[in-house]
Amino acid sequence: MAFLIILLVIILVIAFKSIKIVKQAEVYIIERLGKYHKIADAGLTIIVPFIDHVRSVVSLKQQTMDIPPQGVITKDNVTITIDTVVFYKITDPAKAVYEIQSLKKGIEYLAITTIRDIVGKMDLDATFSSRDAINDQLRVILDEATDQWGCKVDRVEIKDITPPADIRDAMEKQMNAERNKRALILQAEGERQSAITIAEGQKEAAILQAEADKEAKIRRAAGEAEAIKQVAQAKAKEVEMIYTAMKKADPDERLVQIKSLEALEKVANGDANKIFIPFEATQALSSLGAVKEVFKDTKKEK
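Below or above, wherever it landed, is the structure these notes cover. (Residues numbered from 1 in each chain as written. Predicted model: local features only at pLDDT ≥ 70, side-chain atom pairs only at ≥ 80, totals over all residues. Heavy atoms only, no water.)

1. Notes on the nonpolar core
Of all hydrophobic cores here, the largest spans 34 residues; its most connected members are Ile80, Ile82 and Leu103. Sorting the residues of this core by element identifies strand S2 (26–32), strand S6 (63–73), strand S7 (79–90), helix H2 (93–98), helix H3 (103–119), helix H5 (131–146) and strand S8 (151–162) as the ones contributing at least two each. With 8 residues, H3 is the single largest residue contributor to this core. Those residues in contact with Ile82 that lie beyond four places of it in its chain are Pro68, Pro69, Gln70, Val72, Ile115, Val119, Ile158, Asp160 and Ile161. If you look at the next biggest cluster of nonpolar residues, it comprises 5 residues, including Tyr28, Ile30, Ala40 and Ile47. (Core = buried A, V, L, I, M, F, W, Y, C linked by side-chain atoms within 4.5 Å. Buried < 20%, exposed > 50% of the residue type's maximum accessible area, 1.4 Å probe, protein only. Helix = DSSP H or I, 4+ residues; strand = E, 2+ residues; numbered from the N terminus. Contact = heavy atoms within 4.5 Å.)

2. Here we look at the pairing of strand S3 (residues 35–40)
One ladder, built from 5 bridges, connects S2 with S3; its direction is antiparallel. Residue pairing in the sheet places Ile29 in a bridge with Ile39 of S3. Connecting S2 to the antiparallel partner S3 that follows it, the hairpin turn spans 2 residues, and Leu33 within it adopts a positive phi of roughly 55°. (Pairing = 2+ DSSP bridges.)

3. Observations concerning the sheet that holds S8
With respect to topology, 3 strands assemble into an open sheet ordered S6-S7-S8, the strand pairing being antiparallel. Two strands close off the open sheet at either side, each with one partner strand: S6 and S8. Between one strand axis and the next, the sheet turns through 25° on average, direction left out of account. Alignment of S6 against S7, held across 9 bridges, turns out to be antiparallel. Of the residues in S7, the one forming a bridge with Gly71 is Thr81. H3 contacts S6, S7 and S8 of the sheet and is inclined by roughly 35° relative to S6. (Axes fitted to C-alpha atoms, helices over the stretch in contact; angles between N-to-C directions.)

4. Things to note about the packing of aromatic side chains
Under the defined criterion, the tally for this structure stands at 1 aromatic pair. Seen in terms of ring centroids, Tyr36 and Tyr98 are 5.7 Å apart; in terms of plane orientation they differ by 75°. Their pairing is edge-to-face. Of this pair, Tyr36 sits in strand S3 while Tyr98 sits in helix H2, and the two are 62 residues apart along the sequence. Look at Tyr36 and you get partly exposed, because its relative accessible area is 37%. (Phe/Tyr/Trp six-rings, centres within 6.5 Å; stacked < 30°, edge-to-face > 60°.)

5. Comments concerning the sheet that holds S2
Strand order across the open sheet formed by 3 strands is S3-S2-S5, with antiparallel pairing between neighbours. In this open sheet, the two strands that pair with only one neighbour each are S3 and strand S5 (52–59). Strand-to-strand twist in this sheet, taken as the mean axis angle between neighbours without regard to direction, amounts to 30°.

In structure tokens form, the structure reads like this:
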């Protein structure tokens, strides 16, 4: 009975040592007798107990690494503190285990030295305005260096750049002065634009008023000319009608002379100082004088 129990325990130990379940997004590095044997992917894996063993469990997921804040001296001798994070992924688990003692330490040290090299060639202002350029340079250099370790650096981000306290105060004062300067410039530009707009509006109003006065005068003159033309046409039509009526009536010479005298009387009642009597009117007057003499002789004979 004891033998069966011992045998069962041995079988359980062998099964425990032989059967391995690998999780998703992980691989096992399997060694046989101290030498690299194979990479066990996700799922059930059976190894030879006491001969094979799992050297390392490697994650294939995207990983992040926070680089401790580092003091870096810029080109213009200003010490700043840079906080960085690196995103990487293992592409070759065997290299990540056998080519370097500690992959994370290697990436960390390499990132620190690369940051100091890149930022040391830049001025303080350039470090704030060129974060994207610094990130790209870091990523390229780290990716090339870690390729032999079976690792790919996908992204490098500078989380924070902290200058010394006195530099921050000076930068804040400079920024305030710059903001005040921009505000004054914008205010002056706004006042200038407002004055230009008002002047242009007054100019346009004056031009429109002048054009309106001109158009009014032109239309008034056209109306007066049209009125004079219509009056003249009416007078001409009236004269024509009178002439036509007189022509149809076939007046004798005495009637015409009498009408001339009546017209002459109306002219004499006007404001003119001089009166020009037509030749025909003088003949009518002489005829009237002759008629008057005839009437006088008739009265004497009686």
